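What follows is each chain in one-letter form.
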Amino acid sequence: MGEVKESEYIDEQGNKVFKGKFDLKSDDRMESLQETEVSPEGMRIDREGFRRAVAEDVVGNEVLKTMWDNGDVEAAEEYTKRHILNRPSHF
């Protein structure tokens, strides 16, 4: 890895970490690449975030709940498409 400068240190995994000011014109080539395979279920943090988002945006939506309770499934589906899906409130 060569000589370590004052603004650099090596972490526990052997990765070079930079601290402090840096020059944006400096060489910024990738030194290594590490991939982690994720199961078809996805990452746990994403699943939990999705559950929370659904609970807040769908289950907790009183308008949607009223439509569903009244048996108006088509209106509930349309409301969900127009007012919930593709309108992320969690990122």
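Residues numbered from 1 in each chain as written. Predicted model: local features only at pLDDT ≥ 70, side-chain atom pairs only at ≥ 80, totals over all residues. Heavy atoms only, no water.

**A closer look at the packing of helix α2 (residues 62-69) against helix α3 (residues 73-83)**
- Between α2 and α3, the shortest axis-to-axis distance is 7 Å and the interhelical angle comes to 160°. As far as their axial angle goes, α3 and α2 are roughly antiparallel. As α2 packs across α3, the resulting crossing turns out to be left-handed. On the side of α2, the interface is formed by Val-63, Leu-64, Met-67 and Trp-68, while α3 contributes Val-73, Ala-75, Ala-76, Tyr-79 and Thr-80.
- For the contact of α2 with α3, the residue count by class is eight nonpolar, one polar and no charged. (Axes fitted to C-alpha atoms, helices over the stretch in contact; angles between N-to-C directions. Helix = DSSP H or I, 4+ residues; strand = E, 2+ residues; numbered from the N terminus. Parallel < 35°, antiparallel > 145°, perpendicular 65-115°, else oblique. Left-handed = near helix turned anticlockwise from the far one by under 90°. Contact = heavy atoms within 4.5 Å. Nonpolar A, V, L, I, M, F, W, Y, C, P; charged D, E, K, R; others polar.)

**Description of the pattern of salt bridges**
- Under the criterion given, the structure shown has six salt bridges.
- Two residues, Arg-29 and Asp-27, come together in a salt bridge whose shortest N-O distance is 3.5 Å. Like Arg-29, the residue Asp-27 is exposed in the burial classification.
- In this structure, the salt-bridge partner of Lys-65 is Asp-69, at a minimum N-O distance of 3.0 Å. Placement of the pair is Lys-65 and Asp-69 together in helix α2, with a separation of four residues, close to one helical turn.
- For Asp-69, a relative accessible area of 52% puts it in the exposed group. (Salt bridge = Lys/Arg side-chain N within 4 Å of Asp/Glu carboxyl O. Buried < 20%, exposed > 50% of the residue type's maximum accessible area, 1.4 Å probe, protein only.)

**Thoughts on α2**
- In this structure Asn-61 caps α2, since a side-chain oxygen of it lies 3.0 Å from the backbone nitrogen of Val-63.
- Backbone geometry just downstream of α2 places Gly-71 in the positive-phi region, at approximately 80°. (Polar contact = N/O pair within 3.5 Å; in protein donor to acceptor, adjacent residues only side chain to side chain.)

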